[in-house]
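Chains, contacts and geometry: an overview
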Amino acid sequence: MRPTFVPEGGSTFTKKEAKAITQVWHKNGVCPDNTVPIRRTKKEDILRAKSIESFGKKRHKSFGKGTHQSNPGEGHEYAIMNSRNGNYYGTKFVINMWRPEVEVPNEFSLAQTWLASGDGYDTNTIEAGLQVCPVLYGDNNLRLFVYWTSDYYQSTGCYNTGCSGFVQTSKVITPGGSFAQVSQYDGAQYGLPMLIWKSSGNWWLMIGEEYVGYWPGNIFTSLGDRATTVQWGGEIVNQRTDGRHTNTDMGSGHFADEWYKKASYFRKLETVDGANTLREPQGLYPYASNGNCYNIKAGGTGSSYWGHHFFYGGPGRNANCL
């Protein structure tokens, strides 16, 4: 199965960007036609969760105005770029690939996009990006993930293919799969090109030139029609072990001010309008829930390589973040 159309116009990903996408399991070959790779869920994975019911789910104990910024979920911290409210039918971008250090197993660090609609406990989200999440995977590898909810993380939704929801179609790229290449501080940089868009009632995910799968429109309420906000950026969980702020990294573990090859970025930000056309978003505004620990700096519109971009991240605990 493939989408009936893809968005028109906008920037293009280079062949180098598309070919650089290698997941660790590829060393064993690829799946045969008409099959897909699925990460095996082991008994140990479920035992790391607080309960079977909570396995593979996000938990937010409070909510803001349809997004995460007014009252972040307990222990969650963000450095994100926000769209203005509007009508959105997708987004396209490149995420800088880093493997952030996570201090304790029940914390995580991720870089993602959120497409959202609805308010309060009726909030619907589609989410996709990169994460290090020891409690979910049992290691500190950088992994592709997808997520969804139609009731603000109460009882619906899950990571990857852990429940009925996201339908994987790719035999090459799998949600939950780890990546072989990550960026190095002041060294080689890697980016993951992503596109999410609505086609024939479903929301599709493309990584590089590969159709990974889709979220069926019928699992949502308000998102069955369109998104009203789009966000891009980083999120961590801070458990305040021993009463202090976590050392868990966001992005590269360096503040946005350090810029290219040192701080993490999102570039070539675009959104899909009602005419199925990719456009540079207007009126974006940044938000950091704890700027002394993790921050964000808008980069504006740059060259064809950068497009609309921003840098974000930080080390967590430091002299100004206790």
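Computed from a predicted model, the values in this text were never measured in an experiment. Here, residues in each chain are numbered from 1, in the same order as that chain's written sequence. For this predicted model, a pLDDT threshold of at least 70 governs which residues receive local features, and a threshold of 80 or more governs which side-chain atom pairs are given and counted, while totals over whole chains, interfaces and linings are taken from all residues. Computation of side-chain values covers all heavy atoms of the structure but excludes hydrogens and water.

Some remarks on the overall build of the protein chain
Going along the chain from the N terminus, every DSSP run of H or I of four or more residues is numbered as a helix, and every run of E of two or more is numbered as a strand. When helices and strands are tallied, the protein chain shows three helices and 15 strands. Accessible area is worked out with a 1.4 Å probe on protein chains only. A residue is then buried under 20% of its type maximum, exposed over 50%, and partly exposed in between. Residue burial in the protein chain is summarised as follows: out of 322 residues, 56% are buried. Any pair of residues with heavy atoms lying within 4.5 Å of one another is described as a contacting pair. For the protein chain, the proportion of contacts with a sequence separation of at least 24, taken over those separated by at least 6, is 74%. Accessibility throughout is a Shrake-Rupley quantity obtained with a 1.4 Å probe, and a residue counts as covered only by protein chains that appear here. When the accessible area of the protein chain is evaluated, it comes to approximately 13,600 Å², of which 48% is carbon and sulfur surface.

Some words on the state of the cysteines
Cysteine sulfur atoms are paired as a disulfide whenever they fall within 2.5 Å. This model, assessed by the stated rule, comprises two disulfides. Across the disulfide, C158 is cross-linked to C163 (sulfur-sulfur distance 2.1 Å). Handedness of the C158-C163 disulfide follows from its S-S torsion of about -90°: it is left-handed. Taking relative accessible area as the criterion, C158 reaches 3% and is therefore assigned buried. For C163, a relative accessible area of 27% corresponds to the partly exposed category. Each disulfide pairs two cysteine sulfurs, and for C293 the partner residue is C321, the sulfurs being separated by 1.9 Å. Between C293 and C321, the S-S torsion sits near 100°, and that sign places the bridge as right-handed. Here the residue C293 occupies a position in the loop between β13 (285-288) and β14 (295-301), and C321 occupies one in the segment after β15 (308-313), the gap between them amounting to 28 residues. The exposure class assigned to C321 is buried, which follows from its relative accessible area of 1%.

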